[in-house]
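Structure assessment
Here's the letter readout for the chains.
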Amino acid sequence: MIDHKTVNIRYNFKGKPAESAYQFDGVDLINSVLAHLVNLHVEPTHIPAQERMENGGIRNTQRNVNLIEHGVDDVFYFDEESQEWLEIPSKWLVNA
(Lines give C-alpha, C1' and ligand atoms only; values in the text may rest on other atoms or scores of the structure.)
Protein backbone atom coordinates (compact mmCIF):
# COMPACT_ATOMS: atom_id res chain seq x y z
CA MET A 1 0.00 0.00 0.00
CA ILE A 2 1.33 3.43 -0.92
CA ASP A 3 1.58 5.89 1.94
CA HIS A 4 0.63 9.38 0.76
CA LYS A 5 1.77 12.46 2.63
CA THR A 6 0.73 16.06 2.27
CA VAL A 7 3.28 18.45 0.78
CA ASN A 8 2.80 22.18 1.37
CA ILE A 9 3.86 24.59 -1.38
CA ARG A 10 4.31 28.37 -1.33
CA TYR A 11 4.81 30.36 -4.52
CA ASN A 12 3.90 33.55 -6.32
CA PHE A 13 1.19 33.44 -8.95
CA LYS A 14 1.01 36.49 -11.18
CA GLY A 15 2.84 38.53 -8.54
CA LYS A 16 0.65 37.51 -5.60
CA PRO A 17 1.51 35.00 -2.85
CA ALA A 18 -0.24 31.65 -3.17
CA GLU A 19 -0.22 28.37 -1.27
CA SER A 20 -1.22 24.86 -2.14
CA ALA A 21 -1.06 21.38 -0.66
CA TYR A 22 -1.34 18.03 -2.34
CA GLN A 23 -1.01 14.33 -1.65
CA PHE A 24 2.50 13.14 -2.56
CA ASP A 25 2.96 9.43 -3.33
CA GLY A 26 6.65 9.33 -2.40
CA VAL A 27 8.14 9.30 -5.92
CA ASP A 28 10.20 12.25 -7.26
CA LEU A 29 9.15 15.14 -5.02
CA ILE A 30 10.42 18.05 -7.15
CA ASN A 31 8.81 16.89 -10.38
CA SER A 32 5.61 16.10 -8.48
CA VAL A 33 5.50 19.66 -7.14
CA LEU A 34 6.06 21.06 -10.64
CA ALA A 35 3.41 18.76 -12.16
CA HIS A 36 0.94 19.84 -9.47
CA LEU A 37 1.54 23.51 -10.33
CA VAL A 38 1.13 22.78 -14.05
CA ASN A 39 -2.21 21.10 -13.31
CA LEU A 40 -3.34 24.09 -11.26
CA HIS A 41 -2.27 26.97 -13.48
CA VAL A 42 -1.74 25.86 -17.07
CA GLU A 43 -4.72 25.48 -19.36
CA PRO A 44 -4.45 22.38 -21.53
CA THR A 45 -3.70 23.04 -25.16
CA HIS A 46 -5.98 21.10 -27.42
CA ILE A 47 -4.39 19.93 -30.62
CA PRO A 48 -6.06 18.40 -33.64
CA ALA A 49 -6.10 14.63 -33.92
CA GLN A 50 -2.74 13.32 -35.00
CA GLU A 51 -1.07 10.05 -35.77
CA ARG A 52 0.54 8.08 -32.97
CA MET A 53 4.32 8.34 -32.65
CA GLU A 54 4.83 4.84 -33.96
CA ASN A 55 3.06 5.90 -37.18
CA GLY A 56 5.21 9.00 -37.64
CA GLY A 57 3.04 11.51 -35.77
CA ILE A 58 3.41 13.40 -32.49
CA ARG A 59 0.23 12.30 -30.74
CA ASN A 60 1.86 10.78 -27.66
CA THR A 61 4.56 13.37 -27.03
CA GLN A 62 4.34 15.73 -24.09
CA ARG A 63 5.93 19.14 -24.38
CA ASN A 64 7.61 20.86 -21.46
CA VAL A 65 5.87 23.81 -19.84
CA ASN A 66 7.47 27.09 -18.76
CA LEU A 67 5.72 27.88 -15.47
CA ILE A 68 7.26 31.37 -15.32
CA GLU A 69 5.46 32.28 -18.58
CA HIS A 70 2.23 31.23 -16.85
CA GLY A 71 2.86 33.50 -13.86
CA VAL A 72 4.35 30.98 -11.40
CA ASP A 73 7.64 31.83 -9.68
CA ASP A 74 9.46 31.74 -6.30
CA VAL A 75 8.37 28.17 -5.56
CA PHE A 76 9.13 26.67 -2.14
CA TYR A 77 8.03 23.40 -0.57
CA PHE A 78 8.08 22.43 3.09
CA ASP A 79 10.52 19.62 3.87
CA GLU A 80 9.20 17.56 6.80
CA GLU A 81 12.62 16.11 7.67
CA SER A 82 14.53 19.38 7.95
CA GLN A 83 11.47 21.42 8.98
CA GLU A 84 12.48 24.11 6.45
CA TRP A 85 11.03 25.70 3.34
CA LEU A 86 13.24 24.70 0.41
CA GLU A 87 13.30 26.59 -2.89
CA ILE A 88 12.94 25.00 -6.30
CA PRO A 89 15.42 26.78 -8.61
CA SER A 90 13.90 29.04 -11.27
CA LYS A 91 15.80 27.19 -14.00
CA TRP A 92 13.65 24.13 -13.23
CA LEU A 93 10.43 26.16 -13.56
CA VAL A 94 11.10 26.84 -17.25
CA ASN A 95 11.20 23.14 -18.06
CA ALA A 96 8.37 21.59 -16.01
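Everything in this summary refers to the structure shown in the same document. Quick caveat: nothing in here was measured; it's all calculated off a predicted structure.

1. Notes on helix α1 (residues 29-41)
In this model, α1 (13 residues) spans 18 Å end to end at C-alpha, consistent with the 18 Å of a helix rising 1.5 Å per residue. Every buried residue of α1 is listed here: I30, S32, V33, L34, H36, L37, V38 and H41. Considering only its buried residues, α1 is in contact with β1 (5-13), β2 (16-24), β3 (72-79) and α2 (90-93).

2. Some thoughts on the sheet that holds strand β4 (residues 84-87)
An order of β2-β1-β3-β4 is seen for the four strands of this open sheet, with the pairing classed as antiparallel. Taken across any chain shown, the strands that pair with only one partner, and hence form the sheet edges, are β2 and β4. Neighbour-to-neighbour, the strand axes of the sheet open up by a mean angle of 30°, direction not taken into account. Across nine bridges, the pairing between β1 and β2 is antiparallel.

3. Brief notes about empty space enclosed by the protein
Across all of its chains, the model carries one cavity of 30 Å³ or more by this definition. Considered as a void within the structure, the largest cavity measures approximately 40 Å³ in volume. Forming the boundary of the largest cavity are K5, T6, V7, L29, F78, D79 and E80. Those elements that place two or more of their residues in the lining of the largest cavity are β1 and β3. Among the elements that line the lining of the largest cavity, the one with the most residues is β1, at three residues. For the lining of the largest cavity, the residue count by class is three nonpolar, one polar and three charged.

Basis of the calculations
Residues numbered from 1 in each chain as written. Predicted model: local features only at pLDDT ≥ 70, side-chain atom pairs only at ≥ 80, totals over all residues. Heavy atoms only, no water. Helix = DSSP H or I, 4+ residues; strand = E, 2+ residues; numbered from the N terminus. Expected span 1.5 Å × (residues − 1). Buried < 20%, exposed > 50% of the residue type's maximum accessible area, 1.4 Å probe, protein only. Contact = heavy atoms within 4.5 Å. Pairing = 2+ DSSP bridges. Axes fitted to C-alpha atoms, helices over the stretch in contact; angles between N-to-C directions. 1 Å grid on protein atoms, 1.4 Å probe; cavity = no way out; pocket = protein on both sides within 12 Å on 5 of 7 lines; lining within 4 Å. Points joined across faces, edges and corners; volume = space filled by probe spheres on them. Nonpolar A, V, L, I, M, F, W, Y, C, P; charged D, E, K, R; others polar.

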